[in-house]
Amino acid sequence: RINDLNMGLSTHRARNLLETNGKNVLKPSYAGLFFGIFKNLFNGFSCLLWLLFILSFISTFLISHNDSENRTYFMFTCVIILIIIILQLIFSIFQAVQAIMSAKDIENSIVSYVVTIRDGKRQKIPSTDLVVGDIVLLSINEQVAADLRLIEVKGLRLDKSAITGESEPIDATVSILYNESKVKYADATNMAFMNSVVVFGSGKGIVGNLITFLFLW
């Protein structure tokens, strides 16, 4: 809880939150990773391979035991198809791991800093050290380092094209949004979202990750 918007979090409180919640970085979606691998196993050409495998496997039991030549042929076909499926699975996993490693390399190579208010003083810290409740100052041409509930704006305009697809900058506000059911999270004018860009003016916001920030504060 922030008792004074001019004081911000204490250094001790911010350190505890950082230890509890971790760094302010986008974490890879492992659920999405496994879903993508699963989808590749049963998509397009893979479906045909599975169908051929099942038909060949069934055929090995339908063929007479005396017809060893055809029985061996279908068993061999089953093995070959299964090897292809396994190789495809390994390739999909390799691609997914490479994508995650590339994202982490990019993340580690780009270090940005933000100005926050802690202990009543302005402090310049790495954006990865931001925690929920931090007060962040926004200036022109800066990229927003975390989702912020705006509490002060001075002609602030934000480019949210990376989030909403809007080509025109949005005029930011600090107004409370009373009708939650009619407001989309990404369209909220009292929020500055991570990776949006300040194109005009300045402002101040509190780091948050709860939609309730839109309506209750």
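Rules and cut-offs
Per-chain numbering applies: the sequence of each chain, read as written, is numbered from 1 onward. In keeping with the predicted nature of the model, local features appear solely for residues at pLDDT of at least 70, side-chain atom pairs appear and are counted solely at 80 or more, and the whole-chain, interface and lining totals rest on all residues. Each side-chain value is worked out from all heavy atoms of the structure, with water and hydrogens disregarded. Confidence scores here are pLDDT values: one per residue, from the predictor, ranging 0 to 100. A run of H or I in DSSP counts as a helix once it spans at least four residues, and a run of E counts as a strand once it spans at least two, with each numbered from the N terminus. Contacts between residues were defined by any pair of non-hydrogen atoms, one from each residue, lying within 4.5 Å. Only one rule defines a salt bridge in this text: a Lys or Arg side-chain nitrogen within 4 Å of an Asp or Glu carboxyl oxygen. Throughout, exposure labels follow a simple rule: accessible area from a 1.4 Å probe, protein chains only, divided by the maximum for the residue type, with under 20% read as buried, over 50% as exposed, and the rest as partly exposed. In plain words, nonpolar cores are sets of buried Ala, Val, Leu, Ile, Met, Phe, Trp, Tyr and Cys residues tied together by side-chain atoms within 4.5 Å. Note on aromatic pairs: the rings of Phe, Tyr and Trp (six-membered ring only in Trp) are paired at centre separations within 6.5 Å, and the planes decide the class, stacked below 30 degrees, edge-to-face beyond 60, tilted for the rest.

### Digging into the confidence of the model for the chain
At step 1: On average, residues of the chain score 79 in pLDDT, and 79% of them reach the 70 mark or higher.
At step 2: Put simply, helix α6 (residues 212-216) is where the chain has its lowest mean pLDDT, 44, and strand β3 (residues 135-138) is where it has its highest, 92.
At step 3: Of the regions scoring below 50 in pLDDT, residues 210-217 engages in 23 contacts with residues more than four places distant in sequence or in other chains.

### Some remarks on the pattern of salt bridges
At step 1: Counting across every chain of the model gives four salt bridges.
At step 2: Two residues, D129 and K23, come together in a salt bridge whose shortest N-O distance is 2.7 Å. With D129 in the loop between β2 (121-126) and β3 and K23 in the loop between α1 (11-21) and α2 (30-41), the pair connects residues that are 106 residues apart, well separated along the chain.
At step 3: With relative accessibility at 19%, the residue D129 sits in the buried group.
At step 4: In this structure, E152 engages K204 in a salt bridge whose closest nitrogen and oxygen atoms are separated by 3.7 Å. Residue E152 is found in strand β4 (residues 148-159), and its partner K204 is found in strand β7 (residues 197-207); the two are separated by 52 residues along the sequence.

### Quick notes on the nonpolar core
At step 1: In this structure, L130, V136, L138, L148, L156 and A192 are the most contacted members of the largest nonpolar core, which totals 16 residues.
At step 2: Among the secondary structure elements, those contributing two or more residues to this core are β3, β4 and β7.
At step 3: Take this core: its biggest share by element is four residues, from β4.
At step 4: Once residues lying within four places of it in the same chain are set aside, the contact partners of L130 are N24, V114, T116, R118, I125, V136, A145, A146 and V207.

### Digging into the packing of aromatic side chains
At step 1: A complete count under the given rule lists two aromatic pairs for this structure.
At step 2: Taking 6.1 Å as the distance between ring centres and 90° as the angle between the ring planes, the aromatic pair formed by W50 and F53 counts as edge-to-face. Residue W50 and its partner F53 are both found in helix α3 (residues 45-62); the two are separated by three residues, about one turn of the helix.
At step 3: Ring plane angle 20° and centroid distance 6.2 Å describe the contact between F53 and F57, whose orientation is recorded as stacked. Taken together, the positions of F53 and F57, both in helix α3 and four residues apart, correspond to about one turn of that helix.
At step 4: With a relative accessible area of 43%, F57 lands in the partly exposed category.
At step 5: Each member of the aromatic cluster is reached from another via a ring pair, and the members are W50, F53 and F57.

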